[in-house]
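Understanding the architecture of this molecule
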Amino acid sequence: ALNPQGKLVVRKLSDMREMYQDQDAAQAMLADNPLVYEVYNVVVPENEEHIQHCTTILYPGKVGQEYFMTKGHYHEIINRAEIYFCLKGRGLLVMQTKEGDFSTLEMVPGTIAYVPPYWAHRSVNTGDEPFVFFAAYPGDAGHDYGGIETEGFVKVIVEEAGRYAAIDNPKYVK
Ligand code: M6P
Ligand code: ZN
């Protein structure tokens, strides 16, 4: 239970199906159209005086071998940073810059993760229960899904031999 609960954003597979590598697997799953994640946004004015904050519940699952994930974004004002705090489950924070720098951070309950200015960020559920984390970022940051929606991140996070692995994304162009 979240208090305050905030304004709910729901993302189902149909909202992001083209972001997964295995399009045949995605197509087959669309019949059920699973819920991938929910974001509970506490509503504050979108200006630099305020701090946006929200809680994300990312459900366990895979499309082919690729774990359920958030869309991922740069900030519209790209030099705005963000802080994550993991509440439940297990996941990976995936980050990159437009120069092609790439980084991942394992998150478990209690992990505080810092997303520096200029770094795009995506979360991946690498566990088998909901991965839940709180996030806070400057009020004017905004979300830029732009190139990430078509090309994705430098690497994709897949299950290999029972654990996660980051493998090169063939669609990524620097
Ligand atoms: C985190 C924050 C939010 C973001 C959410 C889902 O809670 O970074 O700003 O909206 O994750 O990620 P996305 O918007 O990339 O789908
Ligand atoms: Zn962000």
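Look a little higher up for the structure.
This is a predicted model, so every value here is computed, not measured. The residue count restarts for each chain, going from 1 along the sequence in the order it is written. Each chain gets a letter, beginning with A, and each ligand a number, beginning with 1, in the order they are written. Only residues with pLDDT of 70 or above have their local features reported here, since the model is predicted, and side-chain atom pairs are shown and tallied only from 80 upward, although totals for entire chains, interfaces and linings are computed over all residues. Calculation of side-chain values draws on the structure's entire complement of heavy atoms; hydrogens and water are dropped beforehand.

Across the sheet, six strands lie side by side as E1-E2-E3-E11-E6-E9; this open sheet has antiparallel pairing. Only two strands of the sheet have a single partner each, and these edge strands are strand E1 (7–12) and strand E9 (112–115). Neighbour-to-neighbour, the strand axes of the sheet open up by a mean angle of 20°, direction not taken into account. Across five bridges, strand E6 (residues 82–88) lies against strand E11 (residues 131–138) in antiparallel orientation. Bridge assignment links Phe85 to a residue of E11, and that residue is Phe134. A pair of strands is labelled paired if DSSP reports no fewer than 2 bridges between them. Segments assigned H or I by DSSP are reported as helices when at least four residues long, segments assigned E as strands when at least two residues long, and all are numbered from the N terminus. Fitted lines through C-alpha atoms serve as axes, helices being fitted only where they are in contact, and the angles separating the N-to-C directions of these axes extend from 0 to 180 degrees.

A word on the coordination of the zinc ion (ligand 2). His73 (NE2), His75 (NE2), Glu82 (OE) and His121 (NE2) make up the full set of protein donors to the zinc ion (ligand 2), lying at 2.0 to 2.2 Å. Each metal's donors are the N, O and S atoms found within 2.8 Å of it, except that Na, K and Ca use a 3.2 Å limit; water is left out, so coordination can look incomplete. Read from N- to C-terminus, the donor residues coordinating the zinc ion (ligand 2) fall into the pattern H-x1-H-x6-E-x38-H. Of this pair, Glu82 sits in strand E6 while His121 sits in strand E10 (residues 120–125); the two residues are 39 residues apart in sequence, bridging distant segments of the chain. For every residue, the accessible area obtained with a 1.4 Å probe (protein chains only) is divided by the maximum for its type, and the residue is called buried under 20%, exposed over 50%, and partly exposed between those limits. According to the relative accessible area criterion, Glu82 is buried, its value standing at 3%. When its relative accessible area of 0% is taken as the criterion, His121 is described as buried.

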